[in-house]
Amino acid sequence: MATKAKKTAPSALPTAPVLSLAEIAGFTADQSAEEFGVRARSATKIFLEQGKLVYHIGTVKMKKGQSVYGLLQGIHGVSQGSIDIAVKVGKLIEVLVVAGHLPESRFDEVIQFRSAKRAWQLVEGKAAIRLAPEALAAILAAGTPDSISHELNCLAEHGQSIAEREAAETLRVAAEATKAKEDKAAAKAKAAADAKEKQDAITA
């Protein structure tokens, strides 16, 4: 009588190696601080690598019934939020980098987690203004990551660049100052006319 094969427990999903105490033991204080800095900077950019992986998954042939969300969420337990932002980054990579509007190195340098969301809203049209990929690439090509993030926020919320908003505010302040000056002059002229009318009534 044939015996049933024993079911083996599924192996744990692989994870990135964690720095061990044994590895750290030989570090100087400066080396430990440097390693900390490198890992902190890498952590803030990991969403970019995830976006590139999601983009690649979309370009290769998957098995029947497979999907990006099914593979990442169903098999690897990745949260939906992480997949959502990776999908947005993957689409930005497609329309900016793969399309040739922006070098990959510049994209990696300036895109931050918060600005990636804003950038896709602007391209997708779910913001106060819609930008063509070429226009978005032009913004990303100049400035620092923080200044670019502020610019994208302003465009997404107000439909104007920071410079346009500042110019409009300058015009508004100037118009208010001109109106105040005109109102003051008109009030002065009215007061003079009222005084003259009163004086004419006395001397009549």
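Trainee: Looking at this structure, how should I read the packing of helix α4 (residues 80–98) against helix α7 (residues 133–140)?
Mentor: Pairs of packed helices are described in terms of their axes, by the angle between the two and the distance that separates them. With their axes 10 Å apart at the nearest point, α4 and α7 run at an angle of 90° to one another. Relative to α7, α4 is oriented roughly perpendicular. The segment α4 lies against α7, with L92, V95 and L96 engaging P133, L136, A137 and L140. Classifying every residue of the contact of α4 with α7 gives 7 nonpolar, no polar and no charged.

Trainee: Which parts of the structure should I look at to understand the pattern of salt bridges?
Mentor: When charged atoms on two side chains of opposite charge get close, those side chains can pair. Evaluation of the coordinates by the stated rule reveals 10 salt bridges. Here K52 makes a salt bridge to E104, at a shortest N to O gap of 2.7 Å. Here K52 is found in helix α2 (residues 29–59), whereas its partner E104 is found in helix α5 (residues 104–110), with 52 residues between them in sequence. On the accessibility criterion, K52 (26% relative accessible area) is partly exposed.

Trainee: Hey, could you run me through the nonpolar core in this one?
Mentor: Across soluble globular proteins, you tend to see nonpolar side chains buried next to one another. By size, the foremost hydrophobic cluster in this structure holds 26 residues, and its most contacted members are V89, L92, F107, L136, L140 and L152. Broken down by secondary-structure element, the contributors of at least two residues to this core are α2, α4, α5, α6 (113–124), α7 and α8 (145–158). Looking at this core element by element, the count peaks at 6 residues for α4. Not counting the four nearest positions on each side in its chain, V89 is found in contact with F47, L48, G51, F107 and A116.

Trainee: Just checking my understanding: could you explain the layout of surface pockets for this structure?
Mentor: In this approach, a probe sized like a water molecule rolls over the atoms, and the result shows the empty space that is left. Of the volumes computed, that of the largest pocket is approximately 190 Å³. I46, E49, Q50, L53, V54, I57, L72, V78, S82, I83 and A86 together form the lining of the largest pocket. When residues of the lining of the largest pocket are traced back to their parent elements, those giving at least two are α2 and α4. Ranked by residue count, the leading element in the lining of the largest pocket is α2, at 6 residues. Looking at the lining of the largest pocket, its residues break down into 8 nonpolar, 2 polar and 1 charged.

Definitions and cut-offs
- Residues numbered from 1 in each chain as written.
- Predicted model: local features only at pLDDT ≥ 70, side-chain atom pairs only at ≥ 80, totals over all residues.
- Heavy atoms only, no water.
- Axes fitted to C-alpha atoms, helices over the stretch in contact; angles between N-to-C directions.
- Helix = DSSP H or I, 4+ residues; strand = E, 2+ residues; numbered from the N terminus.
- Parallel < 35°, antiparallel > 145°, perpendicular 65-115°, else oblique.
- Contact = heavy atoms within 4.5 Å.
- Nonpolar A, V, L, I, M, F, W, Y, C, P; charged D, E, K, R; others polar.
- Salt bridge = Lys/Arg side-chain N within 4 Å of Asp/Glu carboxyl O.
- Buried < 20%, exposed > 50% of the residue type's maximum accessible area, 1.4 Å probe, protein only.
- Core = buried A, V, L, I, M, F, W, Y, C linked by side-chain atoms within 4.5 Å.
- 1 Å grid on protein atoms, 1.4 Å probe; cavity = no way out; pocket = protein on both sides within 12 Å on 5 of 7 lines; lining within 4 Å.
- Points joined across faces, edges and corners; volume = space filled by probe spheres on them.

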